[in-house]
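Observations on the three-dimensional arrangement
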Amino acid sequence: VQLVESGGGLVQPGGSLTLSCVASGFTFSTYAMSWYRQAPGKERELVAGIASGGSNSKYADSVKGRFTISRDNVAKTVYLQMNSLKPEDTAVYYCVKERYWYYDPSRPDYWGQGTQVTVSS
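Summary of the structure given here. (Residues numbered from 1 in each chain as written. Predicted model: local features only at pLDDT ≥ 70, side-chain atom pairs only at ≥ 80, totals over all residues. Heavy atoms only, no water.)

It is worth spelling out the sheet that holds strand S8 (residues 77–82) at this point. Spatially, the four strands line up as an open sheet ordered S1-S3-S8-S7, and their pairing is antiparallel. The open sheet has two edge strands with one neighbour each: strand S1 (2–6) and strand S7 (67–72). Strand-to-strand twist across the sheet, computed as the mean angle between neighbouring axes with direction ignored, equals 15°. Relative to S8, strand S3 (residues 17–24) runs antiparallel, the two being bridged by six bridges. For serine 20, the partnering residue across the bridge sits in S8 and is tyrosine 79. (Pairing = 2+ DSSP bridges. Helix = DSSP H or I, 4+ residues; strand = E, 2+ residues; numbered from the N terminus. Axes fitted to C-alpha atoms, helices over the stretch in contact; angles between N-to-C directions.)

Negative phi values dominate among residues other than glycine, just as trans dominates among peptide bonds. Residues aspartate 104 and proline 105 are joined by a peptide bond in cis, for which omega reads 5°. Considering the arrangement of structural elements, one finds proline 105 in the loop between strand S9 (91–98) and strand S10 (108–111). Backbone geometry at lysine 76 places phi at a positive 55°, although glycine is not the residue there. Counting through the fold element by element, lysine 76 comes out in the loop between S7 and S8. Positive phi is not limited to glycine here, since serine 84 has a value of about 50°. Overall, the relative accessible area of 41% leaves serine 84 in the partly exposed class. (Buried < 20%, exposed > 50% of the residue type's maximum accessible area, 1.4 Å probe, protein only.)

Function cannot be inferred from these measures alone, as they are strictly geometric.
Now the structure itself:
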């Protein structure tokens, strides 16, 4: 299993970024996927999850209405569209393959290497 994230970087408050995660080594369309993040000095937290078919998703309260998780099962890619970014969104963001087709509760199975998102003026 390999999960390769991209799209992180430095953005000003109020800006947008889209993270991508290309998956390989498993049947992508049959597993839920999630995004987690970890800020300095804080525990890793679940940001969003999406079911295997892409029709159901769930978000942390802190990002609801600002972030959107989506997936392309043909391209074997999961995305995290992040709008109205805040300094408190600064963290390393991780792509996660879930153990099953559903994401709630989250049961992480494999992790990507992470991509840094920094929100600062």
